[in-house]
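Spelled out from the first residue to the last, the chains are:
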Amino acid sequence: MIDAANYSATETLRDGRTITIRAQRPGDFDGWRAALARTSAETLYLRFFGPKREISEKEAHYFLDIDFIKHVALVAIAEEDGRPMLIGGGRYIVIEPGKAEAAFALIDDYQALGIGSALMRHLAAIGREAGLSELVAEVLSDNLSMLKVFERSGLPMSTRREGPVIHVTLRYP
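Here the structure is a predicted model, which means the values were calculated and not measured. (Residues numbered from 1 in each chain as written. Predicted model: local features only at pLDDT ≥ 70, side-chain atom pairs only at ≥ 80, totals over all residues. Heavy atoms only, no water.)

Below, the discussion takes up the pairing of strand S4 (residues 83-96). Relative to S4, strand S3 (residues 71-80) is paired through ten bridges, and the arrangement is antiparallel. Note on S4: the bridge partner recorded for His 71 is Ile 93. Direction of pairing for S4 relative to strand S5 (residues 99-106): antiparallel, over a ladder of eight bridges. Following the sheet pairing, Ile 93 is matched in S5 by Glu 101. With antiparallel pairing between neighbouring strands as the criterion, S4 and S5 make up a hairpin whose turn holds two residues, including Gly 98 at a positive phi of roughly 80 degrees. (Pairing = 2+ DSSP bridges. Helix = DSSP H or I, 4+ residues; strand = E, 2+ residues; numbered from the N terminus.)

It is worth spelling out the pairing of S5 at this point. Of the two faces of S5, only the one carrying Ala 100, Ala 102, Phe 104 and Leu 106 is buried; Lys 99, Glu 101, Ala 103 and Ala 105 on the other face are not. Where S5 meets strand S6 (residues 134-140), three bridges bridge the pair, whose relative direction is parallel. Considered in S6, the bridge of Ala 100 is made with Leu 135. Chirality of the crossover, the property in question, places the unit of S5, helix H4 (residues 115-129) and S6 among those that are right-handed. (Buried < 20%, exposed > 50% of the residue type's maximum accessible area, 1.4 Å probe, protein only. Right-handed = clockwise from strand over helix to strand, strands pointing away.)

Attention now goes to the packing of aromatic side chains. Tallied over the full model, the rule gives one aromatic pair. On the numbers, 6.0 Å between centres and 65 degrees between planes, the contact of Phe 104 with Phe 150 is edge-to-face. In this pair, Phe 104 is assigned in strand S5 and Phe 150 in helix H5 (residues 144-151), connecting sequence segments 46 residues apart. For the pair shown, Phe 104 and Phe 150 are each scored as buried. (Phe/Tyr/Trp six-rings, centres within 6.5 Å; stacked < 30°, edge-to-face > 60°.)

We now examine the layout of surface pockets. Counted as a void, the second largest pocket has a volume near 170 Å³. Of the residues in the lining of the second largest pocket, the class split is nine nonpolar, no polar and three charged. (1 Å grid on protein atoms, 1.4 Å probe; cavity = no way out; pocket = protein on both sides within 12 Å on 5 of 7 lines; lining within 4 Å. Points joined across faces, edges and corners; volume = space filled by probe spheres on them. Nonpolar A, V, L, I, M, F, W, Y, C, P; charged D, E, K, R; others polar.)

Let's shift gears to the sheet that holds strand S7 (residues 157-162). Paired through backbone hydrogen bonds, the strands of a sheet run either parallel or antiparallel to each other. What the eight strands build is an open sheet, ordered S1-S2-S3-S4-S5-S6-S8-S7; its pairing is mixed. The open sheet is flanked by strand S1 (8-12) and S7, the only strands paired with a single partner. Averaged over neighbouring strand pairs, the angle between their axes works out to 25 degrees when direction is ignored. Examined bridge by bridge, S6 and strand S8 (residues 165-171) share seven bridges and lie antiparallel to one another. By the bridge assignment for S8, Leu 135 is matched with Leu 170. Packed on one face of the sheet, helix H1 (residues 29-37) meets S3, S4 and S5 and runs near 100 degrees to S4. (Axes fitted to C-alpha atoms, helices over the stretch in contact; angles between N-to-C directions. Contact = heavy atoms within 4.5 Å.)

Next comes the structure, spelled out in structure tokens:
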């Protein structure tokens, strides 16, 4: 059985570096704040569907107070100059029994290295064991890299377009 609250795994990136994917902790607020500061306006727009540079107190509680039952969050940690740095993460939030909404964020310097796909694999495994039957997401149609992460997830995928937003559904077999 997967213990989501204490989850930790090591992944090797396409460039040979290693990262740790682990359960998000309440103390990760400063790491997320630093990651936001290192993320381009375009990437933040693709993630939040609008400009985003600060996390309000209310948002901090929402994003950091994780129960690992209805709200599961993993972070990606890379070593930079001998120090662990939060470089991104993924989460799902149960929106109805068996169904959860997934979302991901990754700073620009670490995109296109396989981290999104790795986060997706780990979240999907946790979700499967938790009894989810599907993951859903809303993705801006310009966010081709996120759509590819979902396509390569190994889960059957269906999409529905509504203006600039692609509604993605991944079903567990």
